[in-house]
Amino acid sequence: QVQLVESGGGLVQAGGSLRLSCAASGSIFSNYDVGWFRQAPGKEREFAAAISWSGGNTLAADSVKGRFTISRDNAKNTVYLQMVNLKPEDTAVYYCAAEHGALNPPRWPHEYDYWGQGTQVTVSS
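All of these numbers come straight from a predicted model, not from anything done at the bench.

Asker: Hey, could you run me through the overall build of the protein chain in this one?
Answerer: Assigned secondary structure in the protein chain consists of 0 helices and 11 strands. Computed over C-alpha atoms, the radius of gyration of the protein chain comes to 13 Å, within 12% of the 14 Å expected from 2.2 N^0.38 for 125 residues, which places it in the range of a compact globule. The dimensions of the protein chain, computed from C-alpha atoms along their principal axes, are 40 × 25 × 25 Å. A separation of at least 24 residues holds for 60% of the contacts in the protein chain among residues at least 6 apart in sequence. Carbon and sulfur atoms form 47% of the exposed surface of the protein chain, whose accessible area is close to 6,400 Å². Of the charged side chains in the protein chain, 10 are positive and 11 negative, and the gap between their average positions amounts to 6 Å.

Dropping the structure here:
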């Protein structure tokens with residue numbers, strides 16, 4: 001079992017930056033792959049980025065490639081999502097999720113076992 005808490009969201013203007021944090025507790029976090037997903041009102045939850053337990057393998061959605069960077073600090077039990085050049089279409093609730101056992105970090109929400117409550121990111125024009 002693992003508990004996840006997101007933080008770092010807020011209101012920024014287009015072109016600005018934010019760094020989201022996903023803090024974990026309750027288990028050995030380094031054993032888990034972690035993904036970031038986002039969900040805008042009225043839309044399905046979509047994949048943003050994921051990172052393997054070692055940090056050596058990362059994935060990113062085409063919509064955020066080159067702008068979002070996922071990283072982790074296992075000593076701090078934390079995964080980060082550094083977001084730069086934010087756009088209004090990035091506005092969403094951002095969730096982190098964890099899973100254990102996949103060979104590669106998955107892109108699909110149903111493959112994750114644990115979820116945080118989300119943090120709101122709002123990007124104004």
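Asker: Can you help me understand the nonpolar core in this one?
Answerer: Proteins that are soluble and globular tend to have nonpolar side chains buried together. Grouped together as the largest cluster of nonpolar side chains are 34 residues, with contacts concentrated most on Leu4, Trp36, Val79, Leu81, Met83 and Tyr94. Every element with two or more residues in this core is listed here: strand 3 (18-25), strand 4 (33-39), strand 5 (46-51), strand 7 (68-73), strand 8 (78-83), strand 9 (92-99) and strand 11 (119-124). Other than its neighbours up to four places away in sequence, Leu81 contacts Leu18, Arg19, Leu20, Trp36, Ala49, Phe68, Thr69, Ile70 and Tyr94.

Asker: I tried to follow the packing of aromatic side chains on my own but got confused; where do I start?
Answerer: Any aromatic ring pair is given by two values, namely how distant the centres are and how the planes are angled relative to each other. Taken as a whole and assessed by the stated rule, the structure comprises 7 aromatic pairs. With a centroid separation of 5.1 Å and 50 degrees between ring planes, the pair formed by Phe37 and Trp115 is classed as tilted. Of this pair, Phe37 sits in strand 4 while Trp115 sits in strand 10 (residues 114-115), placing them 78 residues apart in sequence. Aromatic side chains Phe68 and Tyr94 sit 6.5 Å apart centroid to centroid with 55 degrees between the ring planes, which places their arrangement in the tilted category. Placement of the pair is Phe68 in strand 7 and Tyr94 in strand 9, with a sequence separation of 26 residues. You can call Phe68 buried: its relative accessible area is 6%. According to the relative accessible area criterion, Tyr94 is buried, its value standing at 0%.

Asker: I tried to follow the side chain of Thr78 on my own but got confused; where do I start?
Answerer: Looking at the secondary structure, you find Thr78 in strand 8. Its relative accessible area of 10% is what places Thr78 among the buried residues. Polar contacts involving the side chain of Thr78 include one to the main-chain carbonyl oxygen of Lys76, which spans 2.8 Å. Here Thr78 is in contact with Ser21, Cys22, Ala23, Phe29, Arg72 and Asp73, once residues within four sequence places are set aside.

Conventions we followed
- Residues numbered from 1 in each chain as written.
- Predicted model: local features only at pLDDT ≥ 70, side-chain atom pairs only at ≥ 80, totals over all residues.
- Heavy atoms only, no water.
- Helix = DSSP H or I, 4+ residues; strand = E, 2+ residues; numbered from the N terminus.
- Rg over C-alpha atoms; globule rule 2.2 N^0.38 Å.
- Contact = heavy atoms within 4.5 Å.
- Areas by Shrake-Rupley, 256 points an atom, 1.4 Å probe, with all protein chains shown as cover.
- Lys, Arg positive; Asp, Glu negative; His and termini not counted.
- Charge placed at Lys NZ, Arg CZ, Asp CG, Glu CD.
- Core = buried A, V, L, I, M, F, W, Y, C linked by side-chain atoms within 4.5 Å.
- Buried < 20%, exposed > 50% of the residue type's maximum accessible area, 1.4 Å probe, protein only.
- Phe/Tyr/Trp six-rings, centres within 6.5 Å; stacked < 30°, edge-to-face > 60°.
- Polar contact = N/O pair within 3.5 Å; in protein donor to acceptor, adjacent residues only side chain to side chain.

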